[in-house]
Amino acid sequence: MNLVVVSNRVSRGKPNEPMTGGLAAALLPIVEKSGAIWVGSSGRVRDGNQKEPFAEVEALGTGALAMLDLPAAHYGGYYEGFANSALWPALHSRADLIRASQEDYLSYREVNAFMARALLRFRKTDTAFWVQDYHFLALGAELRDLGVTEPIGFFLHTPWPARSVISGVPHHRELIEAMLAYDLIGFQTEEDCENFVSYAQSDLGLVVHDGVIISRYGRTRAAVFPIGIDPKQFAQLAMKASTHPDVSRLRRSLNGEKLAIGVDRLDYSKGLINRIKAFDRMWTLHPSLARTASLLQIATPSRGAIEAYGNLQSEVAKLVTDVNGQHGEVDWTPIRYLNKGYGQAVLAGLYRTAQVGVVTPLQDGMNLVAKEYVAAQNPVDPGVLVLSKFAGAANELDTALLVNPHDIDGMARTIAMALSMPLTERRMRWEAMMAKLRGHTIQQWFADFTEALHDCQLDKSELAPVMTEPALWPVRSATNGGARYH
Ligand SMILES: O=P(O)(O)OC[C@H]1O[C@H](O[C@H]2O[C@H](CO)[C@@H](O)[C@H](O)[C@H]2O)[C@H](O)[C@@H](O)[C@@H]1O
Ligand SMILES: O=c1ccn([C@@H]2O[C@H](COP(=O)(O)OP(=O)(O)O)[C@@H](O)[C@H]2O)c(=O)[nH]1
């Protein structure tokens, strides 16, 4: 099978460069070894009506990486607009932050249609397409319109919310109907999958049998594939990193003080404000922890052109300044706040230096930082993970100290408890989490999804086509060769 993997964000795999998000971090090591072609955005745009999309293609491991220049007129409306100002907030149950215009929606559809045309260049006999994430909900339908009959899978890296929340997205119905052009739709958790299936049944009135949704396109299997990491490789990275200058300097600067670490994109879904308030509360409730335990918070800038992200950056910076002003001493800074990214080779060493990992998103598809923190620990003296129950990772890492990120007092108490947890309990919890990480690696995730996609194709060829009542479909009219949706 010739696999074509598609995502908005790709990674060129430069060692020492920070990863922009978990999708690129997770896909890089497996795509490199799979021989697949990975197609995504180059981060550049190009003017004009590109008849032949421009792609820079380079070798990536045993396969290739193709980076496309996306259409200049639509990029902003697609990425900052519909994908990250309408879909992202809805997918993270923040309906209050949904901002969507008709122009943004049309740009989103244009970029999906553009990507479909671009993908034809990589289609060979026996090709399967694997589309990643909410940037390309309609890509499968666009490919079908171009006559593609090969298997097309889709994996959603974010949560899928309750019906009432996703219904807040303009054009939700036609987008979700378009998703049914995929043969296989993968989710991070059972809850996400159930929410999606419930929408298909209740809002689209479709029949669902054994996880298979029957629509005008035929059969779509909805299933759960929790994404993992390579814990062995991450542990090796962490051991090697102990001599990295940044890691050595951090260790020296601590003078025996305990350290908690947080590593997140600066995103409102990550719960940074509540986390910092929890530390503030902890130092107020337990004055003995002032000077003896501090927080290193890495907050990598993300999607800065979007208003909600710009506001968050100012709000977090102000809160950190207030808390440091309140609890700091002439020779002690409670929160070290870094507004930049680090390569994973350093990050792994920073995780290992910290006695507590704090991962407290309000909502998160998976959260790979939680898994990486666990894998990076020293087995004889492991740190403690404080983890939000609303991160996908909490389903597997259930021996972490699970917290409600809305309960600031509760988080303050739990972080204090983590800082003083006895070694036997730390080891017991850590070993149970490592067993889960070893059982669900990124390699396994990749193999499970591609095998399930292959099985969908077999089912298709063995079963007669399904006829159903036509659902409501977007009305298309051609304008300058592009697709328009009403
Ligand atoms: O590409 P960006 O706009 O810079 O954003 C970075 C990525 O953020 C999201 O990552 C998700 O994928 C992780 C791996 O499955 C998962 O652990 C995390 O919970 C998700 O939020 C987004 O879904 C990606 O498309 C972005 O590339
Ligand atoms: O400075 C940084 C911050 C994060 N990461 C990586 O970015 C990914 C973040 O993934 P996660 O699933 O936690 O969250 P996302 O950002 O995708 O929502 C992880 O693999 C981190 O190791 C990185 O390489 N450098």
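Each value, and the rule that gives it
Residues numbered from 1 in each chain as written. Chains lettered and ligands numbered in written order. Predicted model: local features only at pLDDT ≥ 70, side-chain atom pairs only at ≥ 80, totals over all residues. Heavy atoms only, no water. UniProt positions renumbered as here; feature names shortened; annotations may be inferred. Patch = residues over 30% accessible without salt bridge, like charges linked within 9 Å, V, L, I, M, F, W, Y side chains within 5 Å. Areas by Shrake-Rupley, 256 points an atom, 1.4 Å probe, with all protein chains shown as cover. Salt bridge = Lys/Arg side-chain N within 4 Å of Asp/Glu carboxyl O. Lys, Arg positive; Asp, Glu negative; His and termini not counted. Charge placed at Lys NZ, Arg CZ, Asp CG, Glu CD. Helix = DSSP H or I, 4+ residues; strand = E, 2+ residues; numbered from the N terminus. Buried < 20%, exposed > 50% of the residue type's maximum accessible area, 1.4 Å probe, protein only. Near = heavy atom within 4 Å. Polar contact = N/O pair within 3.5 Å; in protein donor to acceptor, adjacent residues only side chain to side chain. Nonpolar A, V, L, I, M, F, W, Y, C, P; charged D, E, K, R; others polar. Domains from an automatic or database assignment. Contact = heavy atoms within 4.5 Å. Pairing = 2+ DSSP bridges. Axes fitted to C-alpha atoms, helices over the stretch in contact; angles between N-to-C directions.

Naming follows an unreviewed UniProt entry, where the chain appears as Trehalose-6-phosphate synthase of Bradyrhizobium jicamae. You can read under Subunit (unreviewed entry) in the UniProt record for the chain the words "Homotetramer." In its Catalytic activity (unreviewed entry) section, the UniProt record describing the chain reads: "D-glucose 6-phosphate + UDP-alpha-D-glucose = alpha,alpha-trehalose 6-phosphate + UDP + H(+)".

Here we take up a negative patch on the surface. Taken together, the side chains of Asp448, Glu451, Asp455 and Asp459 present a region of like negative charge at the surface. Within the secondary structure layout, Asp448 lies in helix α16 (residues 442-462). The partly exposed category is assigned to Asp448, whose relative accessible area is 35%.

Another aspect to go through is the environment of Ala162. Tracing the chain through its elements places Ala162 in the loop between β6 (152-155) and α5 (163-166). In this structure, the C-alpha to C-alpha distance between Ala162 and Gly211, residues 49 residues apart in sequence, is 18 Å.

Taken together, 21 residues are adjacent to ligand 1, and Arg9, Tyr79, Asp133, His157 and Asp364 come closest. One nitrogen or oxygen atom from the side chain of His157 is found 2.7 Å from an oxygen atom belonging to ligand 1. For the shell around ligand 1, the elements supplying multiple residues, two or more each, are α1 (22-34) and α2 (72-91). Here the shell around ligand 1 is composed, by residue class, of 7 nonpolar, 9 polar and 5 charged. Here the shell around ligand 1 gathers at least three residues from each of two domains, domain 1 (2-227 + 442-459) and domain 2 (231-439).

Gly22, Arg265, Lys270, Tyr342 and Glu372 are the nearest of the 18 residues found near ligand 2. At 2.6 Å from a nitrogen atom of ligand 2 is found a main-chain nitrogen or oxygen belonging to Tyr342. Calculation on ligand 2 without its partners gives an accessible area of 540 Å², and the protein chains cover 92% of this total. Elements that contribute at least two residues to the shell around ligand 2 include exactly α1, β11 (258-265), α12 (344-353) and α13 (368-375).

Side chains that differ in charge, positive against negative, can pair when their charged atoms come close. Evaluated as defined, the whole model comprises 23 salt bridges. With a shortest N-O distance of 3.3 Å, Glu56 and Arg12 are connected by a salt bridge. Of this pair, Glu56 sits in strand β3 (residues 55-60) while Arg12 is found in the loop between β1 (2-6) and α1, placing the two residues 44 residues apart along the sequence. In this structure, the salt-bridge partner of Arg303 is Asp267, at a minimum N-O distance of 3.5 Å. Of this pair, Arg303 sits in the loop between β12 (293-300) and α11 (307-327) while Asp267 sits in the loop between β11 and α10 (272-285), and the two are 36 residues apart along the sequence.

Now for the side chain of Asp104. For Asp104, the position within the fold is in helix α3 (residues 102-119). Buried and unpaired, Asp104 has Arg99 as its nearest opposite-charge partner, separated by 10 Å. The residues contacting Asp104, other than those within four sequence positions of it, are Gly77, Gly81 and Phe82.

Okay, the sheet that holds strand β5 (residues 127-132) next. Within the open sheet, the 10 strands sit side by side as β3-β4-β2-β1-β5-β6-β7-β10-β9-β8. Their pairing is mixed. Looking at strand neighbours, the two that pair on one side only are β3 and β8 (207-209), the edges of this open sheet. On average, adjacent strands in this sheet sit at an angle of 25 degrees to one another, irrespective of strand direction. Here β3 pairs with strand β4 (residues 63-71) via 6 bridges, running antiparallel. Bridge pairing in β4 places Leu60 opposite Gly63. Packed onto the sheet, α1 meets β1, β2 (37-46), β3, β4 and β5 and runs at close to 135 degrees relative to β2. Most of the contacts of α3 go to β4, to which it runs at about 140 degrees, and overall it touches β1, β2, β4 and β5.

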